[in-house]
Amino acid sequence: QSYTFDVNAGAELQVQTSLEEAPSLEFTNEGGTPYSMPYDYQRIGSDGPLLLQDVHLIENLAHFVRERIPERVVHAKGSGAHGYFIATNAAYCQNYTIMDIFTQQGLKTPMTARFSTVSGEMGAADTLRDPRGFALKFRTSQGILDIVMNNTPVFFIRDPTKFPHFIHTQKRNPQTHLRDHDLFWDYLSANPESLYQVMRLFSDLGTPYGFRHMNGWTGHSYRWIKSDGTWVYVKLYAETMQGIQNFTNAEANDMAGTNPDFATQDLYDAIANGTYPGWTVYAQVLTPEQAESFKYNVLDLTKDWGFDDVTPVKIGEFYLTMNSDNYFAEIEQLAFSPGRTVPGWEPSADPVLQSRLFSYGDAHRYRLGVNYLQIPVNAPTVPVANFERDGKMQVNGNQGNRPNYQSTLSPIKLVPPPYYQDTHQQWMGGAVHSLSEVTTIDFDWPKRFWASLSAQDQANFISNVVGHLGTVISYTVRQRQVALFALVDPALGQAIAQGVNVTVPPLPTFPTGPTWLNYTVFSNEST
Ligand code: HEM
């Protein structure tokens, strides 16, 4: 099978073996040889044992038990579709970057999106209270650009070594194999930098109405860079054209029982019916100088920039116009990485982002194999020429007879670097420090978020938290989380304390050093 991602047609995906062709196809064995009957097997007489010579049966059974590949360790349950991005503000983007996709007015770039929940397994309900993944793959003329976002502007951690700890507490208890609310809140209450993300999660934003009615954020600051080496910090934000819509807690729980695949079906049906979902993409930009005096550390993933603080500017739109013909081939095998970028897009020194640059490729090599970039849905639509060869499932000709090293006899043509210089590292000198320590500024966004909620949303928030935190057995854990809410707003702390049956403890002032309410927090701040 081959796939064509045709820019002019606006992301048409052509799969050679389509359903319409099926009636004219002959049944064959795996070698392509016509075979009389799929259910056929060879045995001696009518009741005798089977024959080892029956290659058809053996291939059939052997392939079947190898159908499963490892599911994603996070974001296992999801769905996706193909579409296109269109650049609508080239003049603005040209001030900051050299990427074709954004700097050529009206250019349509074929893309694929995958949305997901984070903590559940492949069969988990789509309506679980969880952040949602929002991953975009663009097939640009400069190669693949992946923008791997979530439906929130911030994240639970700013120290990457906490990621496996944090994720483990959202998964199953090692003994009971059950989701464990004590472990869930134990971690969150002991790591207060998570609070803003926790508050978004326990508002109704934590149970979006499918995938079409939510926004996406890069979260991290990235960098856009021009050919003279000048650069800015940038965050991208994708705003749903369908409008924000969420389930209440009760509706989400109900839907988990009646249609656990609600979001998958909602996306598929909308596209199949020709109601193509769309998102408007905005950029927020800060110069290095502005970043240095900005009120939040721009390398701290627990802090948003805020639209009041940094005005978003529209740069394009994208639409999802085509469902996959084959889910496994085109969605399950997708491999997104924040490290897969094109000239003009660079990482910032955010330590969580820096760790992600490694982790995704590592995951793909494990999950899909070393040649995962040859899988059609991941493969660039431009030629690849390098010295990476061989390995399992090498299927695209292995770069032919070209020497497998940079030969002086027939060297690969080298293009000059896209930038004269990148001054990022010099500038960053003293900027990354004290990210692990919790200070009063960590309560800024939780307070802003709480104040932004309507009375109804505040009531839903309290009820959502009480329903979940209230099931925690440990008094200490309940009380420690209550203290965090009380630091956001005393009335909020009091309401939740009452709901989960604890008293509000005496509140510390931050920074509290290595101890947070009798819980030893290990700082991994480098010395
Ligand atoms: C998936 C690691 C933080 C968004 C994954 C996967 C890994 C991973 C290993 C599975 C990849 C695969 O098998 O294809 C990490 C680590 C993080 C981190 C180590 C922090 C240290 C984040 C953040 C975001 C994010 C901050 C969003 C801003 C996603 C999304 C997916 C994903 C959307 C699913 C991609 C898909 O649909 O295939 N992550 N992650 N992750 N991650 Fe992260």
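Since the structure is predicted, the reported quantities are computational estimates derived from the model, not experimental observations. (Residues numbered from 1 in each chain as written. Predicted model: local features only at pLDDT ≥ 70, side-chain atom pairs only at ≥ 80, totals over all residues.)

**Concerning the overall build of the protein chain**
Move 1: Check the secondary structure of the protein chain and you find 16 helices and 14 strands.
Move 2: Relative to its length of 527 residues, the protein chain is compact, with a C-alpha radius of gyration of 26 Å against a globular reference of 24 Å.
Move 3: Counting only C-alpha atoms and orienting by the principal axes, one finds that the protein chain spans roughly 80 × 70 × 45 Å.
Move 4: For the protein chain, the share of sequence-separated contacts (at least 6 apart) that also reach a separation of at least 24 residues comes to 71%. (Helix = DSSP H or I, 4+ residues; strand = E, 2+ residues; numbered from the N terminus. Rg over C-alpha atoms; globule rule 2.2 N^0.38 Å. Contact = placed C-beta atoms within 7 Å.)

**With respect to the packing of helix H14 (residues 455–469) against helix H16 (residues 490–499)**
Move 1: Closest axis-to-axis distance for the H14/H16 pair is 9 Å, and the angle between their directions is 40 degrees. When the axes of H14 and H16 are compared, the crossing they make is right-handed. Touching Ile462, Val465 and Val466 of H14 are Ala495, Ile496 and Gly499, all from H16. (Axes fitted to C-alpha atoms, helices over the stretch in contact; angles between N-to-C directions. Left-handed = near helix turned anticlockwise from the far one by under 90°.)

**What about helix H5 (residues 181–190)?**
Move 1: Those residues of H5 not exposed but buried are Phe184, Trp185, Leu188 and Ser189. Along the long axis of H5, the arc covered by the buried residues comes to 110 degrees, so they all point the same way.
Move 2: On the buried face of H5, the contacting elements are helix H4 (162–170), helix H6 (195–202), H14 and helix H15 (475–488). (Buried ≥ 20, exposed ≤ 12 C-beta atoms within 10 Å, placed from the backbone. Arc of directions from axis to C-beta.)

**Considering the site of the ligand**
Move 1: Surrounding the ligand, one finds 28 residues, the nearest of these being His75, Arg114, Gly133, Phe163 and Gly219.
Move 2: Secondary structure elements with two or more residues in the shell around the ligand: strand E4 (108–117), strand E5 (132–140), strand E6 (143–150) and helix H11 (351–367). (Near = placed C-beta within 6 Å.)

**Comments concerning the environment of Ile412**
Move 1: When you line up the elements, Ile412 lands in the loop between H11 and helix H12 (424–428).
Move 2: When the 13 C-beta atoms within 10 Å are taken as the criterion, Ile412 is described as partly exposed.
Move 3: The sequence separation of Ile412 and Arg402 amounts to 10 residues, and the corresponding C-alpha distance is 8.9 Å.

**Looking at the pairing of strand E9 (residues 231–240)**
Move 1: With eight of 10 residues buried, E9 is to be regarded as a mostly interior element.
Move 2: Across two bridges, strand E7 (residues 216–217) lies against E9 in antiparallel orientation. For Gly216, the partnering residue across the bridge sits in E9 and is Ala238.
Move 3: The pairing of strand E8 (residues 222–225) with E9 spans four bridges and is antiparallel. For Trp224, the partnering residue across the bridge sits in E9 and is Val232.
Move 4: Adjacent in sequence and paired antiparallel, E8 and E9 are bridged by five residues, among which Gly229 carries a positive phi angle near 90 degrees.
Move 5: Sheet topology note: the E9/strand E10 (residues 278–286) ladder contains eight bridges and is antiparallel. Within the sheet, the bridge partner assigned to Val234 lies in E10 and is Val285. (Pairing = 2+ DSSP bridges.)

**Points about the pairing of strand E11 (residues 313–322)**
Move 1: Pairing analysis gives six bridges linking strand E3 (residues 78–87) to E11, with the strands arranged antiparallel. In the strand pairing of E11, His82 is matched with Met322.
Move 2: Note that E10 and E11 share six bridges and pair antiparallel. Each residue of the ladder has a partner; that of Ala283, found in E11, is Val313.

**Here's the deal with the environment of Ile225**
Move 1: Tracing the backbone shows Ile225 in strand E8.
Move 2: Residue Ile225 is classed as buried on the basis of its 24 C-beta neighbours within 10 Å.
Move 3: Taking the C-alpha atoms as reference points, Ile225 and Leu453, 228 residues apart in sequence, are found 37 Å from one another.
Move 4: Beyond its immediate chain neighbours, meaning those up to four positions away, Ile225 contacts Thr97, Trp231, Gly344, Glu346, Tyr419 and Asp422.

**Quick word on H16**
Move 1: When we look at burial in H16, the residues that qualify are Leu492, Gly493, Ala495, Ile496 and Ala497.
Move 2: On its buried side, H16 packs onto helix H13 (444–452), H14 and H15.
Move 3: Asn501 occupies a position one or two residues after H16 and carries a positive phi of about 65 degrees.

**Focus on the packing of H15 against H16**
Move 1: It is the contact of H15 with H16, at a shortest axis distance of 5 Å, that shows an interaxial angle of 150 degrees. It follows from the interaxial angle that H15 and H16 lie roughly antiparallel. Seen from H15, the contacting residues are Val482, Phe485, Ala486 and Val488; seen from H16, they are Pro490, Leu492, Gly493, Ile496 and Ala497.
Move 2: For the contact of H15 with H16, the per-class residue count stands at eight nonpolar, one polar and no charged. (Parallel < 35°, antiparallel > 145°, perpendicular 65-115°, else oblique. Nonpolar A, V, L, I, M, F, W, Y, C, P; charged D, E, K, R; others polar.)

**Focus on unusual backbone geometry**
Move 1: Of note, the phi angle at His177 is positive, near 60 degrees, even though the residue is not glycine.
Move 2: For His177, the location among the structural elements is in the loop between H4 and H5.

**Thoughts on the confidence of the model for the protein chain**
Move 1: Averaged over every residue, the pLDDT of the protein chain is 92; the share at 70 or more is 91%.
Move 2: Scored below 50 in pLDDT, residues 7–17 makes 27 contacts in the model with residues more than four places away or belonging to other chains.
Move 3: Low pLDDT, under 50, characterises residues 522–527; the predicted model gives this stretch nine contacts beyond four residues in sequence or across chains.
Move 4: Both confidence scores are given for the complex: pTM 0.93, ipTM 0.98. (pLDDT = per-residue confidence, 0-100.)

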